[in-house]
Amino acid sequence: MSVAVSLNGARGAVDGGAVPLSPPDVVESALAAVAAGAGEVLVHPRTPCGRESLSPRVVGPLLDAVRGAGVSVPLSVSAGIGAEPDPAGRLERVRSWRVLPDRAVVHFAEPGAEELAQALLARGVAVDAVVPLGGEAGAGPGTGPGPLARFLAWPVRDPARIRLAVELASADPALVAGLRWLPPVPLLLFGREAAAWPVLRLAARCGAGARTGVGDVLHLPDGRPARSNAELVAAARAIVGRAAAATAGSR
């Protein structure tokens, strides 16, 4: 079971020293997280002033720095409105990338998600289609369709390069059970803040991919503040290991 690490997410300097923002800090955090067992690295690239960006002058050098430091696991970049609010602007940025990530995160609750995902696939970048479920998270804006309905209406022509990343508001097994009839694409489950660890445990029991990191949660399972992404990954790997042992013991 793979555990991805969200290195920084939408966090900022006010969220504490565990959040890597500058390229050197991102590189150091990525190396430590992979050494702790992370199988993928997700990063939100930032300008020197700390603003999220999809500019090729920001994305390319960061990816080169992380790969050049020896991080060999797949690298993902978030392609959301936090970096570029305008859908047309996001498409322009993605099409101008000179250095490509392995994957990109596309939020199907945001406008232009389908076109953005298709543009990424056309460039050879795999897509994590993020769909929130539970509470009010799964509702679409206004009277429009919700994110899951938008994903289902989007033709999945390349299942090998598309993964459904479900953000759960709570660790509700019924929500996961309802995903069994979806297109045959890999599944990753994650939660944020209070939902982060319960959802990770649910993902471990289901055998789905999981995600942790300070981009999603700032505390360890026992409530202590996390000092680093590596510490969160180590805790996640321990949970996954216990789940695997329990499954093996029940056979």
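The preceding data block contains the structure.
Cut-offs and rules
- Residues numbered from 1 in each chain as written.
- Predicted model: local features only at pLDDT ≥ 70, side-chain atom pairs only at ≥ 80, totals over all residues.
- Heavy atoms only, no water.
- Helix = DSSP H or I, 4+ residues; strand = E, 2+ residues; numbered from the N terminus.
- Rg over C-alpha atoms; globule rule 2.2 N^0.38 Å.
- Buried < 20%, exposed > 50% of the residue type's maximum accessible area, 1.4 Å probe, protein only.
- Contact = heavy atoms within 4.5 Å.
- Areas by Shrake-Rupley, 256 points an atom, 1.4 Å probe, with all protein chains shown as cover.
- Lys, Arg positive; Asp, Glu negative; His and termini not counted.
- Charge placed at Lys NZ, Arg CZ, Asp CG, Glu CD.
- Phe/Tyr/Trp six-rings, centres within 6.5 Å; stacked < 30°, edge-to-face > 60°.
- Lys NZ or Arg CZ within 6 Å of the ring centre and 35° of its normal.
- Pairing = 2+ DSSP bridges.
- Right-handed = clockwise from strand over helix to strand, strands pointing away.
- Expected span 1.5 Å × (residues − 1).
- 1 Å grid on protein atoms, 1.4 Å probe; cavity = no way out; pocket = protein on both sides within 12 Å on 5 of 7 lines; lining within 4 Å.
- Points joined across faces, edges and corners; volume = space filled by probe spheres on them.
- Nonpolar A, V, L, I, M, F, W, Y, C, P; charged D, E, K, R; others polar.
- Axes fitted to C-alpha atoms, helices over the stretch in contact; angles between N-to-C directions.

A. Structural detail: the overall build of the protein chain. Assigned secondary structure in the protein chain consists of eight helices and eight strands. In summary, the protein chain has a C-alpha radius of gyration of 17 Å against a globular reference of 18 Å for 251 residues, a match within 12%. For the protein chain, the C-alpha atoms occupy an extent of roughly 50 × 40 × 30 Å along the three principal directions. Counting the 251 residues in the protein chain, one finds 50% classified as buried. A separation threshold of at least 6 residues defines the contact pool for the protein chain, and within that pool the share at least 24 residues apart is 64%. Working note: accessible area of the protein chain is about 10,900 Å², and carbon and sulfur atoms make up 57% of it. Counting 25 positive and 22 negative side-chain charges, the protein chain places the averaged centre of each group 5 Å from the other.

B. Representation of helix α4 (residues 113-122) in the model. When we look at burial in α4, the residues that qualify are A113, L116, A117, A119, L120 and L121. Against α3 (87-96), β4 (103-107), β5 (126-133), α5 (147-153) and β6 (162-168) lie the buried residues of α4. Where α4 terminates, the next one or two residues include G124, which has phi positive at roughly 90°.

C. Just the packing of aromatic side chains, in detail. Here the structure, examined in full by the defined rule, presents three aromatic pairs. Both rings, one in F108 and one in F151, keep their centres 5.7 Å apart while their planes meet at 85°; by these two values the pair is edge-to-face. You can see F108 sitting in the loop between β4 and α4 and its partner F151 sitting in helix α5, a full 43 residues away along the chain. Accessibility assignment for this pair places F108 and F151 in one class, buried. For the pair F151 and W154, a centre-to-centre distance of 6.3 Å together with 50° between the ring planes defines the contact as tilted. A residue is classified by how much of its surface remains accessible, and F151, at 0% relative accessible area, is buried. Look at W154 and you get buried, because its relative accessible area is 6%. One cation-aromatic arrangement involves R211 over F190; the distance from NZ or CZ to the ring centre is 3.8 Å.

D. Local environment of the pairing of strand β3 (residues 75-78). Residues L75 and V77 of β3 are buried on one face, and the alternating residues S76 and S78, pointing to the opposite face, are buried as well. Where strand β2 (residues 40-43) lies against β3, three bridges are found, and the strand directions are parallel. Each residue of the ladder has a partner; that of V43, found in β3, is V77. With helix α2 (residues 56-68) bridging β2 and its parallel neighbour β3, the resulting β-α-β unit is right-handed.

E. Inspection of helix α1 (residues 23-35) at higher detail. Helix length check: α1, at 13 residues, gives a terminal C-alpha distance of 18 Å against a target of 18 Å (1.5 Å per residue), a fit within 8%. Buried residues of α1: V26, V27, S29, A30 and A33, and no others. Of the residues trailing α1, G37 is marked for its positive phi of about 125°.

F. Main features of the layout of surface pockets. Volume-wise, the largest pocket comes out at about 340 Å³. Along the wall of the largest pocket there are 24 residues; nearest its centre are A10, H44, S78, H107 and R192. Secondary-structure elements contributing two or more residues to the lining of the largest pocket are β4 and β5. Broken down by class, the residue content of the lining of the largest pocket amounts to ten nonpolar, eight polar and six charged. For the second largest pocket, the calculated volume is near 260 Å³. If you go around the second largest pocket, you meet 15 residues; those closest to its centre are V176, L179, R180, L187 and C206.

G. Region of interest: unusual backbone geometry. For E193, which is not glycine, the phi torsion reads 50° and is therefore positive. Along the chain, the position of E193 falls in the loop between β7 (187-190) and α7 (196-206).

H. Inspection of the pairing of β2 at higher detail. Burial of the side chains of β2 extends over both faces: E40 and L42 are buried on one face and V41 and V43 on the other. Here three bridges tie strand β1 (residues 3-6) to β2, and the two strands are oriented parallel to one another. Within β2, the position partnered with V5 by the bridge is V41. You can see the chain leave β1, run along α1 and come back into β2, and the turn it takes is right-handed.

I. A look at the sheet that holds β3. Strand order in the closed barrel formed by eight strands is β1-β2-β3-β4-β5-β6-β7-β8, and the pairing between neighbours is parallel. The average undirected angle you get between the axes of adjacent strands in this sheet is 25°. Each of β6, β7 and β8 (209-212) is contacted by α7, which is oriented at about 160° to β8, the strand it contacts most.

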